[in-house]
Amino acid sequence: MISVIRVAILVGFPAFFVSPVDARPLPQDDVFRASFELLLKADAVYDRAIGDKGIRPEEYKAFETLWRAGKEGKDYALKLVRAEAPAARVYGAILLRELAKEAAEQEFPRMEEEITTVWIHFGCERDPATIGDIVRLLKMGGFVIMTPTGKWSSKKIDRTLKEMGVRRKVFNIPLTKRSVKR
């Protein structure tokens, strides 16, 4: 009887050190997943600061987290561009262009045809834009919202937008000024 107990202890003892706890996702993965899920439910596209007080929206914080994830955020970006919510698709397109240009080249032609309207909030203003117009702007190298790296748009994109008849105010891009970097 004692030898059976000793064998059970010796067999079960290594299992104590190799536990399912080791298989849990890293805390960083949890942050990426939570950011992804928040963007899936986004009802609009939010810039870095909105409202009179310049509050940073939770959606923008989630976008910023996935932006800074680098290549790890590519899978989330691909899932976002295929999501049901129009705002999620826009966030996904912005991320995809930054994180995986080759994947963006594959997804953008389909998205350019979309006429679904999404609201873009920046400062105290909000304006509608179609996903197709947004994707065309992204393909030209423009930015819909301020990116976490502080990039905005260029003079060439401003002219192209004017020729397309797209309201520049929608993208918060100045027509007469050179590139704006914050």
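Reading the values: rules and limits
Residues numbered from 1 in each chain as written. Predicted model: local features only at pLDDT ≥ 70, side-chain atom pairs only at ≥ 80, totals over all residues. Heavy atoms only, no water. Helix = DSSP H or I, 4+ residues; strand = E, 2+ residues; numbered from the N terminus. Buried < 20%, exposed > 50% of the residue type's maximum accessible area, 1.4 Å probe, protein only. Contact = heavy atoms within 4.5 Å. Areas by Shrake-Rupley, 256 points an atom, 1.4 Å probe, with all protein chains shown as cover. Core = buried A, V, L, I, M, F, W, Y, C linked by side-chain atoms within 4.5 Å. Salt bridge = Lys/Arg side-chain N within 4 Å of Asp/Glu carboxyl O. Axes fitted to C-alpha atoms, helices over the stretch in contact; angles between N-to-C directions. Parallel < 35°, antiparallel > 145°, perpendicular 65-115°, else oblique. Nonpolar A, V, L, I, M, F, W, Y, C, P; charged D, E, K, R; others polar.

J.: Give me the lowdown on the overall build of the protein, citing residues and values where you can.
T.: Each helix and strand counted, the protein has nine helices and three strands in total. Secondary structure elements of the protein occur, N-terminal to C-terminal, as α-α-β-α-α-α-α-β-β-α-α-α. Out of the 182 residues in the protein, the part that is buried amounts to 42%. Taking as baseline every contact in the protein between residues at least 6 positions apart, the subset at least 24 positions apart corresponds to 61%. Accessible surface, the protein as shown: approximately 10800 Å² in total, 56% of it carbon and sulfur.

J.: Can you explain the nonpolar core? Please cite residues and give values.
T.: Core analysis: the biggest nonpolar cluster contains 45 residues, and Phe-63 and Ile-145 have the highest contact counts within it. When contributions to this core are tallied by element, the ones reaching two or more residues are helix H2 (27-40), strand S1 (45-50), helix H3 (58-68), helix H4 (74-81), helix H5 (86-99), helix H6 (101-112), strand S2 (117-123) and helix H7 (131-139). With nine residues, H5 is the single largest residue contributor to this core.

J.: Residue-level account of the side chain of Glu-112, with values.
T.: By secondary structure assignment, the location of Glu-112 is in helix H6. Non-local contacts of Glu-112, meaning those with residues more than four positions away in its chain, are made with Gly-132, Val-135, Arg-136 and Lys-139.

J.: Account for H7, naming residues and giving values.
T.: For H7, the tally of buried residues reaches seven of nine residues, placing the bulk of the element in the interior. Looking only at H7, the buried set comprises Ile-131, Gly-132, Asp-133, Ile-134, Val-135, Leu-137 and Leu-138. Note on H7: the residue one or two positions beyond its end, Gly-141, has a positive phi of about 95°.

J.: How would you summarise the pattern of salt bridges if you had to cite specific residues and measurements?
T.: Opposite charge on two side chains permits pairing when their charged atoms draw close. Taken as a whole and assessed by the stated rule, the structure comprises eleven salt bridges. Lys-61 serves as the salt-bridge partner of Glu-58, at 3.2 Å between the closest nitrogen and oxygen. Placement of both Glu-58 and Lys-61 in helix H3 is noted, with a separation of three residues, approximately one turn of the helix. Note on Glu-58: relative accessible area 49%, which makes it partly exposed. Two residues, Asp-133 and Arg-136, come together in a salt bridge whose shortest N-O distance is 2.7 Å.

J.: Would you mind going over the packing of H5 against H7 in detail, with residue names and values included?
T.: Two numbers describe how H5 lies on H7: the axes approach to 11 Å, and their chain directions differ by 10°. Compared by their axis directions, H5 and H7 come out roughly parallel. Taken together, the residues of H7 that come into contact with H5 (itself represented by Pro-86, Arg-89, Val-90, Ala-93, Ile-94 and Arg-97) are Ile-131, Ile-134 and Leu-138. Looking at the contact of H5 with H7, its residues break down into seven nonpolar, no polar and two charged.

Just geometry here; none of it tells us what the structure is for.
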